[in-house]
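Observations on chain architecture
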There are 2 protein chains.
Amino acid sequence: MNNGVNLKELAAELKLAPSTVSRALNDSWEISEATKKKVISMAEKLNYQPNPFARSLRENKSKTIAVIIPERINNFFAQVMDGIENIAQEHGYHLLVYNTHEDVDREKKIVNLLLNGRADAVVMSVSSQTSDISHLEKLYARGLPLIFFDRICTDIPTTKFITNDYESSYQGTKHLIQQGCKKVAFLMLSKELSITKERHRGYLDALLEAGLSPEPAFSLNCSMCEEQNIELIREMLWSNNRPDGILASVEKLALATYQAVKRTKLRIPQDLKVISFSNMGIAGLLEPSLTTITQPAITIGQECAKLLIKKLTKPKQNDLIDQVITIPSKITIRSSTLAE
Amino acid sequence: MNNGVNLKELAAELKLAPSTVSRALNDSWEISEATKKKVISMAEKLNYQPNPFARSLRENKSKTIAVIIPERINNFFAQVMDGIENIAQEHGYHLLVYNTHEDVDREKKIVNLLLNGRADAVVMSVSSQTSDISHLEKLYARGLPLIFFDRICTDIPTTKFITNDYESSYQGTKHLIQQGCKKVAFLMLSKELSITKERHRGYLDALLEAGLSPEPAFSLNCSMCEEQNIELIREMLWSNNRPDGILASVEKLALATYQAVKRTKLRIPQDLKVISFSNMGIAGLLEPSLTTITQPAITIGQECAKLLIKKLTKPKQNDLIDQVITIPSKITIRSSTLAE
DNA sequence: TTGTAAGCGTTATCAA
DNA sequence: TTGATAACGCTTACAA
């Protein structure tokens, strides 16, 4: 690989000291406008590109943010990533991206990889398997700025961004009840997840408020395996005491529900109404179109990045204080929850 | 940020020279087994993590691969990314990810960012706007290993991975004709794209072979704007001479077609049959379910990464020779192309 | 306003 | 088998 000219060569070409050139390029006030101009034009002519590693080594920062997500083929996480990248690119930050595939072991390995300072900060959403958080504590202890979004880790005292999980879930459940549902089921990926807990609380409270008693069997704990989930849901739909409404706490479980329904004689929404947290662009193209709770994914990503970059550029003035920032979701009612 | 111990401190703790410790950790043959063991155990005890920037500066390589895609909310690219990451992680490589949002200017900026050696290699799929390729030529000239996939740049003499675009498109069109279509339209994102050209050729040849004369108006050049595309397609469907079959060369145009059809009284597949290149997991859940040409996205990603890593680890033995490697797609027939 | 020199944390060369 | 030293390319005290 030909790395092009370096600072020394550029300086030699200009008959200046490397330090002068460095300062000129960094727009230091101690350099005369005349030399600045000369330096900059020569730098452009020779297409000088500063070596990022020399700089990182010297300044102990890399202009890089690591993003850890549990899944890439997921509209929510993809949108969050786009939001993060928007802001990051604006400020000259690069993104290292890691997918844990919902696997804690992979998550631990990745987190350990970041212990060496390769990234200036980490923004992540934990895997659905994460209960032991020692790896995250270690990362936090290192002093690396760390932010969580969506699937947060409450025990780490830092800033977290989520949507109004409790409220949305409560409203979603209430909507199902208003549409005539008497027996609403709740589908979740894992009991460990912060979002599961909040969304489940909202679901339970809406049931109680409506005078409906929550059935334990209707809080269905799904797995990572698509086919298993479909069968699990199908079994529930085949049982004598089947639900007439479903709140899916994540998108993939709504899709699994649709697949499961196809294996029965039930119809959505006549026999079963479905609402789901989902950022699918094409919820309206499903048959029937799916009522969704859409999270402000891009905004969440942008806010994460903004806060992080503020912290990185002005470390003294900005602390990632231990708080949860909530940005509301939006419910879009479609055919899957139509009343008869 | 507390970076933990460094080599010098570790060496001091062990009462050894830094160079010795370095060699021990790198499993050099010139170090005795005894000291190796001592060093390694102490390194673990102190949780020593080598500074990646020092190493990168010294070795002039970063163990990082840059990936540039035109779109993140896209099943194909997400799967390719997963494939790349699989292999990269296995070999200790990190991924810098950039989304051009189908914008050449953004693509140019990103490519220029990579000129400084931040990444050891680049794998990319060009934006649909890319016709001037000077930025790519510059990148190539720098000697950075560069690989293209899917939307390739034929003029850069390196290895490219694609699916059998011509053949799949030919077969897809033939399928439409066999199902009774007489007037097949072809939807494309941009005429500049390599995949557009190949897929269009396949489409045309299938028409000609069937004795159907291609109508220029049926080769529809769409834009980046979803709503515009929907209207463009709707207009075509409302014209006197409307197509009875559509081959969408990318997924989003099939979805736009579905949306457009909703604005007409036409029915799929009775009035209009649709087939599309698509890696959607839920093609079967659309109404009607969508016949797809599915690209081997994960494999493409894996192959890109494998080749690149081979090149990076054994540069002498491996060249990215100027060739196009084709991995076949798979057609899955669903309801959207059912004959009456 | 510019130049000299040290140092960031590694690895590689050379010497012991 | 191990140690001293230089070098990677940059920024920043300190000197001029």
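Below or above, wherever it landed, is the structure these notes cover. This one's a predicted model, so the numbers in the text were calculated from it and none came from an experiment.

1. Considering the overall build of chain A
Tallying secondary structure elements over chain A gives 12 helices and 12 strands in all. Against the 2.2 N^0.38 benchmark of 20 Å for 340 residues, chain A shows a C-alpha radius of gyration of 25 Å, more extended than a compact globule. Considering only C-alpha atoms, chain A reaches an extent of 85 × 40 × 35 Å along its principal axes. Taking all contacts inside chain A whose residues are at least 6 apart in sequence as the whole, residues at least 24 apart take part in 73%.

2. Considering the sheet that holds strand E7 (residues 219-221) of chain B
All names here are of chain B. Strand order in this open sheet of 6 strands is E7-E6-E8-E9-E10-E12, and the pairing throughout is mixed. Looking at which strands have only one partner, the edges of the open sheet turn out to be E7 and strand E12 (330-332). Ignoring which end each strand starts from, the neighbouring axes of this sheet average 15 degrees apart. Judged from the 3 bridges that link them, strand E6 (residues 184-188) and E7 form a sheet pairing that is parallel.

3. Observations concerning the protein's contact with DNA strand C
Taken together, 26 residues are adjacent to DNA strand C, and A:Ser19, B:Leu7, B:Ser19, B:Asn51 and B:Ala54 come closest. Among the secondary structure elements, those contributing two or more residues to the surface near DNA strand C are helix H2 (18-25) and helix H4 (52-59) of chain A together with helix H1 (7-14), helix H2 (18-25) and helix H4 (52-59) of chain B. Of the residues forming the surface near DNA strand C, the biggest block, 5 residues, is contributed by H4(B). Taken together, the residues of the surface near DNA strand C sort by class into 10 nonpolar, 10 polar and 6 charged.

4. Remarks on the protein's contact with DNA strand D
Around DNA strand D lies a shell of 27 residues, among which A:Leu7, A:Ser19, A:Ala54, B:Ser19 and B:Thr20 are the nearest. When residues of the surface near DNA strand D are assigned to their parent elements, the largest contribution, 5 residues, is made by H4(A).

5. Re unusual backbone geometry
Most peptide bonds take the trans configuration, and most residues that are not glycine carry a negative phi. Residue and element names in this part refer to chain A. In this chain, Ile 268 is followed by Pro 269 through a cis amide linkage whose omega measures 5 degrees. Relative to the helices and strands, Pro 269 resides in the loop between helix H11 (251-262) and strand E9 (273-277). With an omega dihedral of -5 degrees, the bond running from Glu 287 to Pro 288 counts as a cis peptide bond. Along the chain, Pro 288 turns up in the loop between E9 and strand E10 (291-294). Positive phi outside glycine occurs at Asn 60, with the angle close to 55 degrees. Within the secondary structure, Asn 60 is located in the loop between H4 and strand E1 (64-69).

6. Re the interface of chain A and chain B
Each side of the interface is counted separately: chain A has 38 residues, and chain B has 38 residues. At the level of elements, H4, helix H5 (75-90), strand E2 (94-99) and H11 of chain A are the ones that each hand at least two residues to the side of chain A that touches chain B. For the side of chain A that touches chain B, the element with the highest residue contribution is H5(A), accounting for 6 residues. Of the residues assigned to the side of chain A that touches chain B, the class counts are 19 nonpolar, 13 polar and 6 charged.

7. Side note on the sheet that holds E9(A)
Sheets are built from strands paired through backbone hydrogen bonds, the pairs being either parallel or antiparallel. Residues and elements named next belong to chain A. Taken together, 6 strands build an open sheet; the order of strands is E7-E6-E8-E9-E10-E12 and the sheet is mixed. The outermost strands of the open sheet, each flanked by one partner alone, are strand E7 (219-221) and strand E12 (330-332). Here the strands of the sheet are splayed against their neighbours by 15 degrees on average, with no regard to which way each runs. The pairing of strand E6 (residues 184-188) with strand E8 (residues 245-248) spans 4 bridges and is classified as parallel. In the sheet register, Ala 185 faces E8, and the bridge partner there is Ile 246. Sitting on the sheet, H11 touches E6, E8 and E9, and the angle it makes with E9 is about 155 degrees.

8. Brief notes about the nonpolar core
The biggest cluster of nonpolar side chains holds 87 residues, and the ones touching the most others in it are A:Val67, A:Val122, A:Val123, B:Val67, B:Val122 and B:Val123. Here B:Val67 is in contact with B:Met81, B:Ile84, B:Leu95, B:Val97, B:Val123 and B:Met124, once residues within four sequence places are set aside.

Calculation rules
Residues numbered from 1 in each chain as written. Chains lettered and ligands numbered in written order. Predicted model: local features only at pLDDT ≥ 70, side-chain atom pairs only at ≥ 80, totals over all residues. Helix = DSSP H or I, 4+ residues; strand = E, 2+ residues; numbered from the N terminus. Rg over C-alpha atoms; globule rule 2.2 N^0.38 Å. Contact = placed C-beta atoms within 7 Å. Pairing = 2+ DSSP bridges. Axes fitted to C-alpha atoms, helices over the stretch in contact; angles between N-to-C directions. Near = placed C-beta within 6 Å. Nonpolar A, V, L, I, M, F, W, Y, C, P; charged D, E, K, R; others polar. Core = buried A, V, L, I, M, F, W, Y, C linked by C-beta atoms within 7 Å. Buried ≥ 20, exposed ≤ 12 C-beta atoms within 10 Å, placed from the backbone.

The quantities given are spatial measurements derived from coordinates; they are silent on function.
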